[in-house]
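If you want the building blocks of each chain, they are given just below.
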Amino acid sequence: QVQLVESGGGLVQAGGSLRLSCAASGRTISTRALGWFRQAPGKERELLAAIRWNAGAPYYADSVKGRFTISGDNAKNTVYLQMNSLKPEDTAVYYCAAKDYFWQKDYNYWGQGTQVTVSS
């Protein structure tokens, strides 16, 4: 069992930056993958970035590549999403998620979500 707790959301002006944190509890194994998703009203859930725990290069969606960075701190058991050059269209509920095996299709652990609002 993995528990994920998100923090760092809030209101930010366009062009600004924000860092989201996802603290993970429970056993962390090398096969686990973690990702950041977002969902805006009326839109489908979108995978933004993903990493295999302590291995491999991260994945980024085209919509955020060059602006967002996913990283992890093993000592703190925390995954971050650094968001730069924020745009109003980035406004959404952001979720962190994990799956036991990086090759499986579905993420099976989810955080509660944190609201990010970007004002113009």
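A brief look at the structure comes next. (Residues numbered from 1 in each chain as written. Predicted model: local features only at pLDDT ≥ 70, side-chain atom pairs only at ≥ 80, totals over all residues. Heavy atoms only, no water.)

**Some details on the packing of aromatic side chains**
Part 1 of the argument: Per the counting criterion, the structure on display carries six aromatic pairs.
Part 2 of the argument: Ring plane angle 80° and centroid distance 5.1 Å describe the contact between Phe102 and Trp103, whose orientation is recorded as edge-to-face.
Part 3 of the argument: What links up through ring pairs into an aromatic cluster is the set Phe37, Tyr95, Tyr107 and Trp110.
Part 4 of the argument: Across the ring face of Phe37, the terminal group of Arg45 is positioned such that the distance to the ring centre comes to 5.4 Å. (Phe/Tyr/Trp six-rings, centres within 6.5 Å; stacked < 30°, edge-to-face > 60°. Lys NZ or Arg CZ within 6 Å of the ring centre and 35° of its normal.)

**Some remarks on the sheet that holds strand β3 (residues 18–25)**
Within a sheet, each strand pairs with its neighbour through backbone hydrogen bonds, oriented either parallel or antiparallel.
Part 1 of the argument: A sheet is described by the order of its strands in space; here four strands give the open sequence β1-β3-β8-β7, paired in antiparallel fashion. The sheet is open, and its two borders are formed by β1 (3–7) and β7 (68–73), each paired with just one other strand. Between one strand axis and the next, the sheet turns by 20° as a mean value, whatever way the strands run.
Part 2 of the argument: Across six bridges, the pairing between β3 and strand β8 (residues 78–83) is antiparallel. Note that in β8 the partner of Leu20 across the bridge is Leu81. (Pairing = 2+ DSSP bridges. Helix = DSSP H or I, 4+ residues; strand = E, 2+ residues; numbered from the N terminus. Axes fitted to C-alpha atoms, helices over the stretch in contact; angles between N-to-C directions.)

**With respect to the pattern of salt bridges**
Any two side chains of opposite charge can pair, on the condition that their charged atoms come close.
Part 1 of the argument: Enumeration over the complete set of coordinates arrives at six salt bridges.
Part 2 of the argument: The residue Arg32 makes a salt bridge to Asp100 at a minimum N-O spacing of 3.1 Å. One end of the pair, Arg32, is in the loop between β3 and β4 (33–39); the other, Asp100, is in the loop between β9 (92–99) and β10 (109–110), with 68 residues separating them in the sequence. (Salt bridge = Lys/Arg side-chain N within 4 Å of Asp/Glu carboxyl O.)

**Some thoughts on the side chain of Lys99**
Part 1 of the argument: When you line up the elements, Lys99 lands in strand β9.
Part 2 of the argument: An unpaired buried charge is present at Lys99: no salt bridge exists, and Asp106, the closest side chain of opposite charge, is 7.9 Å distant.
Part 3 of the argument: Among the polar contacts listed, one links the side chain of Lys99 to the backbone oxygen of Gln104, at a separation of 2.8 Å.
Part 4 of the argument: Residue contacts for Lys99: discarding those within four places in its chain leaves Arg32, Ala33, Gln104, Lys105, Asp106, Tyr107 and Asn108. (Buried < 20%, exposed > 50% of the residue type's maximum accessible area, 1.4 Å probe, protein only. Lys, Arg positive; Asp, Glu negative; His and termini not counted. Polar contact = N/O pair within 3.5 Å; in protein donor to acceptor, adjacent residues only side chain to side chain. Contact = heavy atoms within 4.5 Å.)

**Regarding the state of the cysteines**
Part 1 of the argument: Here the structure, examined in full by the defined rule, presents one disulfide.
Part 2 of the argument: Between the sulfur atoms of Cys22 and its disulfide mate Cys96 the distance is 2.1 Å. On the sign convention where negative means left-handed, the S-S torsion of about 65° between Cys22 and Cys96 marks this disulfide as right-handed. On the criterion of sequence distance, the pair formed by Cys22 in strand β3 and Cys96 in strand β9 is long-range, its members being 74 residues apart. (Disulfide = S-S within 2.5 Å.)

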